[in-house]
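So the chains spell out like this:
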Amino acid sequence: MGQDALGRRAGTPWRRVSRRQWLAHAAALESIPLLARASFAVDAPAFPHDPFTLGVASGDPDASSVVLWTRLAPRPLEPDGGMPPEPVNVRWEMATDEAFRRVVASGIAPATPPLGHSVHVEVPGLAADRWYWYRFHAGDATSPVGRTRTCPEPGVLPQRLRFAVTSCQNYEQGLFTAYARMAQDDLDLVCHLGDYIYEYEAGRNGTVRTHAGPEITTLGGYRVRHAQYRADPLLHGMHAACPWLVTWDDHEFDNNCADDVSEETGVDATAFLERRANAYQAYYEAMPLRSASRPRGADMRLYRRTRFGDLADFLVLDTRQYRDDQPNGDRRSPLNDAAVDPARSMLGRTQKSWLCGELLTSRATWNVLAQQVMMGLVGFRKGEDPLGYSMDQWPGYATERAELLRFLRERRIANPVVLTGDIHSAWANELRVDDRRADEPPVATEFVATSLSSGGNGPERPAGLDQILADNPGVRFHNGERGYIRCEVTPAAWRSDFMVVDDVLRPGGRTFPRASFVVTAGDPRVQPA
Ligand code: FE
Ligand code: CA
């Protein structure tokens, strides 16, 4: 729809008229380092309220550095966080012990109004493969203590990696109980695959608690929403437990968005990109991301790689920002001509060639694609109709999907594992170039994490489960409860525990493993643990 009016051609998602208007905005963002010079900042304001209501976080570790994050917000539900319109110096310190007896790095970072008084510190020169503790001081206030770690060096084969996969945490539909259990799981990392916030107005899904304010579109609105979520002690407690790798899906911006195209008809692309710039900036401000991810207007580079020694390469993807509009009006459809149109892309050309390059040069035992939407071609039956597939997921981009699977097979990429969120249910899938061909050998494995809270309590056996398993030979497991996936990876095997919560509508829900599966290195089949 919108892309024709803009003159956008298939395969060139970057070329659009409205883009030019963002150059000025990008230039303005470029001036932030100047504004951020510490000499402009206030050193010691006395805070009438605790400015560390959002806790601390860390992320994107490599073998010698990690990002430390906080955001000053004494009143988190106000657009400016309750901060004065001036920069404030924040002191940070990092130690090899929890009591901060051995501080190994420290410094001063400015929290500035243009970045919502967020702080992103990239600490260099750390030792590989070890744990650290960190905290911040602003004025007379001290933050909670966070724990983080560096990755093992490339060339070293670690014997173990433990991490969790989470997504879809609608604040209104359920409590973040699962994060209390996750914090006890002894994890090296957390991967968040999107729908970290939901953009909807207060009360749309309200059951256990409600969003503040209307559907969010302004920078202030997105900031308040992120702050409301992050003020949840279970969420910021988990951020303090280990580093996170984050990527977004649609709800950090707008439901089922595709590049500059809204799910609703008649939305002006320029206005939509203006809203996207607000969403992306607030996302950057709220997340422990490196400065390489800082947005430029309505563009933000979120796809990137994290290497855990030679054991696992995490290729964190962005399947929202560059995709062509969903075919077939984004309705569940058979794999028709529109769904298999080779001109349509989910990744965009630049990200796709980056991904292929990373995979070709990887030396990792496990190659992890941490991304948003289900790659399994899962067909759903409705009466006598042909099987229907989700057009918002990889089946809507079926040719690019087949090309990617063929690439993994023909270039013999070692042990590809796809991690997915979005769909509010758990799946373990064997992926083939064409999943409908049970006679073909599987090429990769997909683990889909259910929602942490979105949708409220769900069934252990989703409706139509037997039919889904009968119609889709690649699907080995499917479950409709809330929870997350806990993974333990060694050079020999990958184990996924599907953790579920018995009740997210009341405090005190019990979290436990519902099912566990193993993939042996060299064999992408899903086997019961
Ligand atoms: Fe979701
Ligand atoms: Ca989603």
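Residues numbered from 1 in each chain as written. Chains lettered and ligands numbered in written order. Predicted model: local features only at pLDDT ≥ 70, side-chain atom pairs only at ≥ 80, totals over all residues. Heavy atoms only, no water.

This part is about the coordination of the calcium ion (ligand 2). When a metal holds four donors in a tetrahedron, each ideal angle between them is 109.5 degrees; when it holds six in an octahedron, the ideal angles are 90 or 180 degrees. The calcium ion (ligand 2) binds to the protein through D195 (OD), D249 (OD), D250 (OD) and D422 (OD), with metal-donor distances spanning 2.3 to 2.6 Å. Read in sequence order, the donor residues for the calcium ion (ligand 2) give the motif D-x53-D-D-x171-D. Between the calcium ion (ligand 2) and the iron ion (ligand 1), the interatomic distance is 3.8 Å, and D195 donates to each metal, bridging them. Each member of the pair, D249 as well as D250, is classed as buried. (Donors = N, O, S within 2.8 Å, 3.2 Å for Na, K, Ca; no water. Buried < 20%, exposed > 50% of the residue type's maximum accessible area, 1.4 Å probe, protein only.)

What follows deals with the pattern of salt bridges. For the coordinates displayed, the defined rule picks out 41 salt bridges. A salt bridge links R275 to E215; the shortest N-O distance between them is 3.0 Å. Of this pair, R275 sits in helix α7 (residues 269-286) while E215 sits in the loop between β10 (189-192) and α5 (219-230), and the two are 60 residues apart along the sequence. The exposure class assigned to R275 is buried, which follows from its relative accessible area of 13%. What emerges from the salt-bridge pattern is a single network uniting R181, D185, R486, R495 and D497. (Salt bridge = Lys/Arg side-chain N within 4 Å of Asp/Glu carboxyl O. Helix = DSSP H or I, 4+ residues; strand = E, 2+ residues; numbered from the N terminus.)

Before going further, it helps to spend a moment on the confidence of the model for the protein. Of the residues in the protein, 92% reach a pLDDT of 70 or more, and the chain-wide mean stands at 92. Long-range and interchain partners of residues 1-39, a stretch whose pLDDT sits below 50, account for 62 contacts in this model, where long-range means more than four residues apart. (pLDDT = per-residue confidence, 0-100. Contact = heavy atoms within 4.5 Å.)

Here we take up the sheet that holds strand β13 (residues 312-316). Taken in spatial order, the seven strands of this open sheet run β12-β13-β14-β15-β17-β16-β18, and their pairing is mixed. Looking along the sheet, the strands with just one partner apiece sit at the ends: β12 (304-308) and β18 (475-479). The sheet shows a mean angle of 15° between the axes of neighbouring strands, taken without regard to direction. The pairing of strand β16 (residues 426-431) with strand β17 (residues 444-448) spans five bridges and is antiparallel. Bridge pairing in β17 places A428 opposite F447. On top of the sheet, helix α8 (residues 349-361) reaches β12, β13 and β14 (366-370); it is set at about 180° to β13, its chief contact. (Pairing = 2+ DSSP bridges. Axes fitted to C-alpha atoms, helices over the stretch in contact; angles between N-to-C directions.)

Attention now moves to the coordination of the iron ion (ligand 1). Ligation of the iron ion (ligand 1) by protein atoms is provided by C168 (SG), D195 (OD), Y198 (OH) and H424 (NE2), these donors lying 2.1 to 2.5 Å from the ion. Around the iron ion (ligand 1) sit four donor atoms, and with donor-metal-donor angles ranging over 86 to 168° the site reads as irregular. Here the donor residues of the iron ion (ligand 1) share one chain and are spaced in sequence as C-x26-D-x2-Y-x225-H. On the accessibility criterion, Y198 (2% relative accessible area) is buried. With a relative accessible area of 26%, H424 lands in the partly exposed category. (Tetrahedral: all angles 85-135°; square planar, octahedral: opposite > 155°, others 65-115°.)

Moving on: the nonpolar core. The tendency in soluble globular proteins is for nonpolar side chains to be buried side by side. Judged by nonpolar contacts, the single largest core of 46 residues is most densely connected at Y179, M182, M238, W244, Y283, L289 and M300. Mapping this core onto the domain boundaries places at least three of its residues in each of domain 1 (56-149) and domain 2 (161-528). Counting 32 residues, the second-largest nonpolar core is a separate cluster that includes L189, L193, A449 and F517. (Core = buried A, V, L, I, M, F, W, Y, C linked by side-chain atoms within 4.5 Å. Domains from an automatic or database assignment.)

As a further point, take the side chain of S293. Tracing the backbone through its elements, the reader meets S293 in the loop between α7 and β12. Residue classification places S293 among the buried positions, given a relative accessible area of 4%. A polar contact of 3.1 Å, which involves the side chain of S293, links it to the backbone oxygen of R301. With residues up to four places along the chain from it excluded, the contact list for S293 reads Y284, M300, R301, L302 and R304. (Polar contact = N/O pair within 3.5 Å; in protein donor to acceptor, adjacent residues only side chain to side chain.)

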